[in-house]
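Tertiary structure, described
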Amino acid sequence: MTSSHIAKKQDLPPTAWAVLGLLSFPGERTGYELKKWADSSLRFFYWSPAISQIYAELRRLEELGYAASARSGPEEARAKRRYTITEAGRGALAGWAADTAEAGPPVLKHGLLLRIWLGHLSEPELLRAMVTEHLERTRAELDAVREAMAHAADVPEWAFPALALRWSERQHLAELELGEALLADLAEAGRRAAGPGPEAGRQAPGDAPTPG
């Protein structure tokens, strides 16, 4: 094995490891089936790669010897390519999963909060409507998480994915609580802005809203 081949293995992006992780559960799966699995599990706590990304990573994993594939036989009306993890792939995945240095801190990119941050350019009613819509979407996502939890509950091989889904349930509940608190904060901010006090409309000193 060449040094470039080894370096190539070490440089795998998280999406490749996520796809390989989907293959680590028993059974053979097509790229489409892997996408469905990602949509019903990974997206609730990480993200779900596009189908094109999944196939691109499957090709990469096959080149590295971490995955293998085979086309279906004539018994199926439409030929499909199914993928499995190899022993080399399972060993590499186990090593990556055990490397806590690779996990890194969680990254939060909250599109709604970016708009709240720019609330001085918007109208209070619009901001409240955005938060209300966000709460409705979060409740729908919470229902989807709980459906996935129920689906995984009786499958022994999915015990650890079920733990991740349980964490996601708690995260969605916390998001609902934060959203309700944000509505209350917006109402209070609106009352302060409408007040005739001497602080209204005054430019804060400095170049940032926080010290430092």
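See the structure shown above.
Notes on the structure in this doc start here. A quick note: this is a predicted structure, and the numbers were derived from the prediction, not measured. (Residues numbered from 1 in each chain as written. Predicted model: local features only at pLDDT ≥ 70, side-chain atom pairs only at ≥ 80, totals over all residues. Heavy atoms only, no water.)

1. Some thoughts on the packing of helix α2 (residues 14-23) against helix α5 (residues 87-98)
Running from amino to carboxyl end, α2 crosses α5 at an angle of 120°, the nearest separation of the two axes being 10 Å. With respect to each other, α2 and α5 are oriented oblique. Of the two elements, α2 crosses α5, and the hand of that crossing is left-handed. Contacts between α2 and α5 involve Trp-17, Leu-20 and Gly-21 from the former and Gly-89, Ala-92, Leu-93 and Trp-96 from the latter. Across the contact of α2 with α5, the residue classes tally to 5 nonpolar, 2 polar and no charged. (Axes fitted to C-alpha atoms, helices over the stretch in contact; angles between N-to-C directions. Helix = DSSP H or I, 4+ residues; strand = E, 2+ residues; numbered from the N terminus. Parallel < 35°, antiparallel > 145°, perpendicular 65-115°, else oblique. Left-handed = near helix turned anticlockwise from the far one by under 90°. Contact = heavy atoms within 4.5 Å. Nonpolar A, V, L, I, M, F, W, Y, C, P; charged D, E, K, R; others polar.)

2. Notes on the nonpolar core
If you look at the biggest cluster of nonpolar residues, it comprises 21 residues, and the most contacted ones within it are Leu-20, Leu-23 and Tyr-66. Those elements giving two or more residues to this core turn out to be α2, α3 (31-39), α4 (51-63), β2 (81-85) and α5. Here this core gets 7 residues from one element, more than from any other, and that element is α2. Judged by nonpolar contacts, the second largest core, of 9 residues, contains Ile-116, Leu-135, Leu-176 and Leu-182. (Core = buried A, V, L, I, M, F, W, Y, C linked by side-chain atoms within 4.5 Å. Buried < 20%, exposed > 50% of the residue type's maximum accessible area, 1.4 Å probe, protein only.)

3. Things to note about α4
With 13 residues, α4 extends 19 Å between its outermost C-alpha atoms, agreeing within 8% with the 18 Å of an ideal straight helix rising 1.5 Å per residue. Listed as buried for α4 are Ile-54, Glu-57, Leu-58 and Leu-61. For α4, the angular spread of the buried residues around the axis is 110°, confining them to a single face. Opposite the packed face of α4, turned more than 90 degrees from it, sit the exposed residues Arg-59 and Glu-63. Looking at the packing, one finds that the buried side of α4 touches α2, α3, β1 (67-71) and β2. (Expected span 1.5 Å × (residues − 1). Arc of directions from axis to C-beta.)

4. Here we look at the packing of aromatic side chains
Two aromatic rings are characterised by how far apart their centres lie and by the angle between their planes. This structure, assessed with the given rule, holds 4 aromatic pairs. Ring plane angle 90° and centroid distance 5.4 Å describe the contact between Trp-37 and Trp-158, whose orientation is recorded as edge-to-face. With Trp-37 in helix α3 and Trp-158 in the loop between α7 (124-152) and α8 (159-194), this residue pair connects regions lying 121 residues apart in the sequence. Among the aromatic residues, ring-to-ring pairing joins Trp-17, Tyr-66 and Trp-96 into one connected group. Over the ring of Trp-37 we find Arg-29, and its NZ or CZ is 3.9 Å from the ring centre. (Phe/Tyr/Trp six-rings, centres within 6.5 Å; stacked < 30°, edge-to-face > 60°. Lys NZ or Arg CZ within 6 Å of the ring centre and 35° of its normal.)

5. Some thoughts on the pattern of salt bridges
Counted by the stated rule, this structure contains 9 salt bridges. The shortest N-O distance in the salt bridge between Asp-39 and Lys-35 comes to 3.2 Å. Pair noted here: Asp-39 and Lys-35 are both in helix α3, with a separation of 4 residues, about one helical turn. Under the relative-accessibility criterion, Lys-35 is labelled buried at 18%. Put simply, Arg-60 and Glu-57 hold a salt bridge, and the shortest N to O gap is 2.8 Å. Of this pair, Arg-60 and Glu-57 both sit in helix α4, separated by 3 residues, roughly a single helical turn. Exposure remark for Arg-60: the relative accessible area of 30% places this residue in the partly exposed category. Among the residues examined, Glu-57 registers a relative accessible area of 8% and is labelled buried. One continuous salt-bridge network, built from bridges that share partners, spans Glu-188, Arg-191 and Arg-192. (Salt bridge = Lys/Arg side-chain N within 4 Å of Asp/Glu carboxyl O.)

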